[in-house]
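# An overview of the molecular structure
One letter stands for each residue in the lines below.
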Amino acid sequence: MRTFTIIVFYHLLFLGTTYAQSASVAAAHPLAVDVVESILRKGGNSFDAAIAAHFTLAVVLPRAGNLGGGGFVVIHTSNGEAATLDFRETAPASAFKDMFISDDDQTKVSSLTSKSASGIPGSVKGMWNLYLRYGSRKLSWSELLAPAILIADTGFFITEKLSEELNYNSSDFILRNPKGCGPFCKDLLWEPGMRFLQTTLAESLKGIRDFGPNYFYSGPIAKDLVRQKYFTFSDMESYRVRWREPLIGEYRGWEVITMPPPSSGGIALLQLLYGSERGSNSMEEIGTAESYHDFTEISRRVYEDRAKYLGDPEYMTIGIDKLLDNIYLDKRFSNIDPDRVGFSPILKKSIDEESSETTHLSILDKEGNAVAITTTLNASYGSKRWVSGFFMNNEMDDFSIAPGVPNQFGLIGYEINQIAPGKRMLSSMTPTILIKENRKVVLGTPGGSTIITNVFHVIRMYCRFGHSLQASVNAKKIHAQAWPNVLYLEEGSYSKKVVRKLKRKGHKIEFKKQIGRFQAVSNDQSAPDILRTGDSSGRVIFY
Ligand code: DON
């Protein structure tokens, strides 16, 4: 591919360049940021710091940080190597296409709350493989787990957000865990500033520290999961992470390094970026009804392609090159009616209100090692089922349960994303790294189906409109995804006049309090999403 040759050459050109005077980090919790700083000060690199922060987030951000989930890493090293690591969950061997369907709703097994809602977790093998390939070796595996263990053992002071979540979810935690769920099942009213101890989680982390991933995939944790009938030993032992060729595109002179399938994020992001630049459409404006309309229609086509063509790459029949081909995309985007909202056929039922969580971590060290990790349990606290000190994911809901039936994010899939043993479910997570000359930007966000459009908006604000990184993160977001045929507007992203004009074009509009929780960094800059709710935190570290 021509772009690829150019890009390889481009990397060689900047080989050895010092990227920054300092490191920068943005994460969903201040303790994760502290841990990153301490690992870097001890001589670790970005990848060491990311591993330590991932385990720390499993302790301090139990709604999304995890041992029981999975995710993706996008990497760009100081010597110009780009890579991605897929530690997405997989369906167990017993999984089958119609496992969440029943003739009557009474006997239906839930893809969100049952034990069957969980895929085999990838996080522990993910972090182990990241350590083996990119860890500096100046710090041992055990040193990288030490901060998380200490915080789990001695406790940390809960924030207002965490206290609210613990109180809100308390009855579900108790209901779904009749044998208890440690501190989560305590019958008390949580208040900010209370200390939160997780001794069972600390024991699990110590086992992983001492025995590596075997402790999780064939040792005591696997035993616990098998005993509780989540998976078989063979399911656990056969779980594999995948190193995948990154998707590399170009946007306004920036190299865009992003995640390939089983995430739909990278392809959809590059399609959106291309669509927003082609011809003369109103996307050269910010905040106008016309640009919101064009965005909705570009997005519609992108999410239609997502549903039809994307899934576990081992099952994909249409090549990535085809979906990113300019001639194909020109045709796809050529029939947008500037005056009328479009329509995407098929939809069996409407979606439930989204209530979910994921977390993103961005780190750039002073040598220029960049790492973007997005990781998730899918919904907030996953299935809310607690095993060996941690919550299990409910990622099986990311498969298409049945053709045309939307998941919790309203996303629809076809055969390509239907359930099969060992298969990875399609994701929207879009960890991304941008590079231009001696600058790197590392970014990503939670938000289910809105992740892709959020990453698109931030990149556009930053690269096309020249806003600062923090202003691009802060900017109010909009979202559209074909099904449902709705344009979502974040509070503050619209005026009455814009809404009136959009309605005249036939748009159904819904208002959202918040879209995503972005975490971005660049050389000597940290841009956490501090304006939106949560405990986002970031720092520039001189060391
Ligand atoms: O992989 C995915 O696309 C979803 N499981 C991510 C879920 C998510 O981002 C929820 N967060 N707000």
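Positions within a chain are numbered from 1, following the residues in the order the chain's sequence is written. In keeping with the model being predicted, local features are shown solely for residues with a pLDDT of at least 70 and side-chain atom pairs are shown and tallied solely at 80 or more, while totals for entire chains, interfaces and linings include all residues. For side-chain calculations, the full set of non-hydrogen atoms in the structure is used, while hydrogens and water are omitted.

Summary of the distance rule: residues count as near a molecule or strand when at least one heavy atom falls within 4 Å of that molecule or strand. The environment of the ligand is formed by 16 residues, the closest being Thr358, Glu395, Asp398, Ser427 and Ser428. The definition of a polar contact used here is a pair of N or O atoms within 3.5 Å, where within protein one atom must be able to donate a hydrogen and the other to accept one, and adjacent residues in sequence count solely through side-chain atom pairs. Residue threonine 358 places a side-chain N or O atom 2.5 Å away from an oxygen atom belonging to the ligand. Only the protein chains shown count as cover for residues, with accessible areas throughout obtained via the Shrake-Rupley method and a probe of 1.4 Å. Protein chains bury 97% of the 340 Å² of accessible surface belonging to the ligand in isolation. Mapped onto the shell around the ligand, the elements with two or more residues apiece are strand E9 (356-364) and strand E10 (370-379). Runs of E in the DSSP output that reach at least two residues are strands. Runs of H or I that reach at least four are helices, and both are numbered from the N terminus. For the shell around the ligand, the element with the most residues is E9, which contributes three residues. In the scheme used here, Gly and all other residues not listed as nonpolar or charged are polar, with Ala, Val, Leu, Ile, Met, Phe, Trp, Tyr, Cys and Pro taken as nonpolar and Asp, Glu, Lys and Arg as charged. Per-class residue counts for the shell around the ligand are four nonpolar, eight polar and four charged.

Let us now look at unusual backbone geometry. In this chain, proline 261 is followed by proline 262 through a cis amide linkage whose omega measures 20 degrees. Inspection of the secondary structure puts proline 262 in the loop between strand E8 (254-258) and helix H11 (265-277). A cis amide bond links tryptophan 483 with the next residue in sequence, proline 484, at an omega value of -10 degrees. For proline 484, the location among the structural elements is in the loop between strand E15 (478-479) and strand E16 (486-490). With a phi close to 75 degrees, alanine 482 is a non-glycine residue in the positive phi region. Take alanine 482: it is sitting in the loop between E15 and E16.

A separate point is the pattern of salt bridges. Note on pairing: side chains with opposite charge can pair once their charged atoms come close. Any Lys or Arg side-chain nitrogen found within 4 Å of a carboxyl oxygen on Asp or Glu counts as a salt bridge. Enumeration according to the criterion identifies 29 salt bridges in this entry. Residues aspartate 330 and arginine 278 are paired through a salt bridge, measuring 2.9 Å at the closest nitrogen-oxygen approach. Of the two residues, aspartate 330 is situated in helix H14 (residues 326-332) and arginine 278 in the loop between H11 and helix H12 (289-309); the sequence distance between them amounts to 52 residues. The rule is simple: take the accessible area with a 1.4 Å probe, protein chains only, and divide by the maximum for that residue type; under 20% is buried, over 50% is exposed, in between is partly exposed. What makes aspartate 330 partly exposed here is its relative accessible area of 28%. For arginine 278, a relative accessible area of 25% gives the class partly exposed. Note that arginine 464 and glutamate 284 form a salt bridge whose closest N and O atoms lie 4.0 Å from each other. Taken as a pair, arginine 464 in helix H15 (residues 450-464) and glutamate 284 in the loop between H11 and H12 lie far apart in primary sequence, 180 residues in all. Classification of arginine 464 as buried rests on a relative accessible area of 17%. On the basis of relative accessible area, glutamate 284 is assigned to the partly exposed category, the value being 48%.

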